[in-house]
Amino acid sequence: MVAKLGLRPGDRVLEFGCGTGLGFKALQRAVGPNGEIVGVDFTPEMLARAAERTARRGWSNVRLVEADARDLPFEGGSFSGVCSTLALGGSDWQRLLQEALRVLTPGGRIAMIEATPLRGPWKLAEPVLVAFERRVAAWKPPEPPIDQVIGELIEDATVESALGGLWAIIAGRKRP
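Remember, it's a predicted structure, so these values are computed and weren't measured experimentally.

Thresholds applied
- All chains use their own residue numbering, which begins from 1 and follows the written sequence.
- It should be noted that, the model being predicted, local features are given only for residues of pLDDT at least 70 and side-chain atom pairs only at 80 or more, the latter also being counted only at that level, while totals for whole chains, interfaces and linings use all residues.
- Remark: hydrogens and water are excluded; side-chain values derive from all non-hydrogen atoms of the structure.
- Two strands qualify as a pair provided that DSSP identifies no fewer than 2 bridges between them.
- Strands here are runs of E lasting at least two residues and helices are runs of H or I lasting at least four, both read from the DSSP assignment and numbered beginning at the N terminus.
- Interaxial angle, 0 to 180 degrees, is taken between N-to-C directions of lines fitted to C-alpha atoms, where a helix line uses only the stretch in contact.
- Throughout, a residue-residue contact means that at least one pair of heavy atoms, one from each residue, lies within 4.5 Å.
- Think of it this way: a Phe, Tyr or Trp ring, Trp meaning its six-membered ring, pairs with another when their centres are within 6.5 Å, and the plane angle makes it stacked under 30 degrees, edge-to-face over 60, tilted otherwise.
- We call a residue buried when its accessible area falls under 20% of the maximum for its residue type, exposed when it is over 50%, and partly exposed in between, using a 1.4 Å probe and counting protein chains only.

K.L.:
Help me understand the sheet that holds strand 6 (residues 155–162) in this model?
P.N.:
By definition, the strands of a sheet pair up through backbone hydrogen bonds, in either a parallel or an antiparallel sense. A sheet is described by the order of its strands in space; here seven strands give the open sequence 3-2-1-4-5-7-6, paired in mixed fashion. Sheet topology places strand 3 (62–66) and strand 6 at the edges, where each strand pairs with a single neighbour. Each neighbouring strand pair of the sheet contributes to a mean axis angle of 15°, computed without reference to strand direction. For strand 5 (residues 104–115) and strand 7 (residues 167–173), the ladder comprises seven bridges, and the chain directions are antiparallel. From the neighbouring strand, E114 faces strand 7, where its bridge partner is A168. Those strands touched by helix 2 (residues 44–57) are strand 2 (36–41) and strand 3, and its axis lies near 170° from that of strand 3.

K.L.:
Honestly, the packing of aromatic side chains in this entry has me stumped. Any pointers?
P.N.:
The geometry of two aromatic rings is summed up by the distance between their centres and the angle between their planes. Counted according to the given criterion, the structure contains one aromatic pair. With a centroid separation of 5.2 Å and 85° between ring planes, the pair formed by F74 and F79 is classed as edge-to-face. Grouping residues by exposure puts F74 and F79 together as buried.

Purely spatial values, then, with no claim about function.
In structure tokens:
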């Protein structure tokens, strides 16, 4: 996913729904020590774990912000790249995506990993998987499925299957 952002050393990137900061290592490699990583999550416990990870690694260019991604506390056009992992399920994903695009520079790239509806014989397992995810993580697949409508929202949209079709890596550019 991070490769799809096309980040360069010195860029500023936002990860919304950053959770424990698991994605920061790959982002750190992309933006280098002169770039900035801003992690947003609305769960203080997740941000505390992200802060621990950041301190353990000695990353001085990571800033953590407790906020709702539907109302980001940043000016428009603040980031070269925006990313998320499984952050759109269980909420108004169109509003989240609209807000992510607002803070992205014109032509900036967005990349997300999201669940997609199961297909073929795997479709029979979907109710069990969704019930499990709702119970464990208060998560459900975005409706309508983001992989089916993303081309209407961003330019050069790509959708690549991952984990045998359970997830998709969705990427594209903000329209100028």
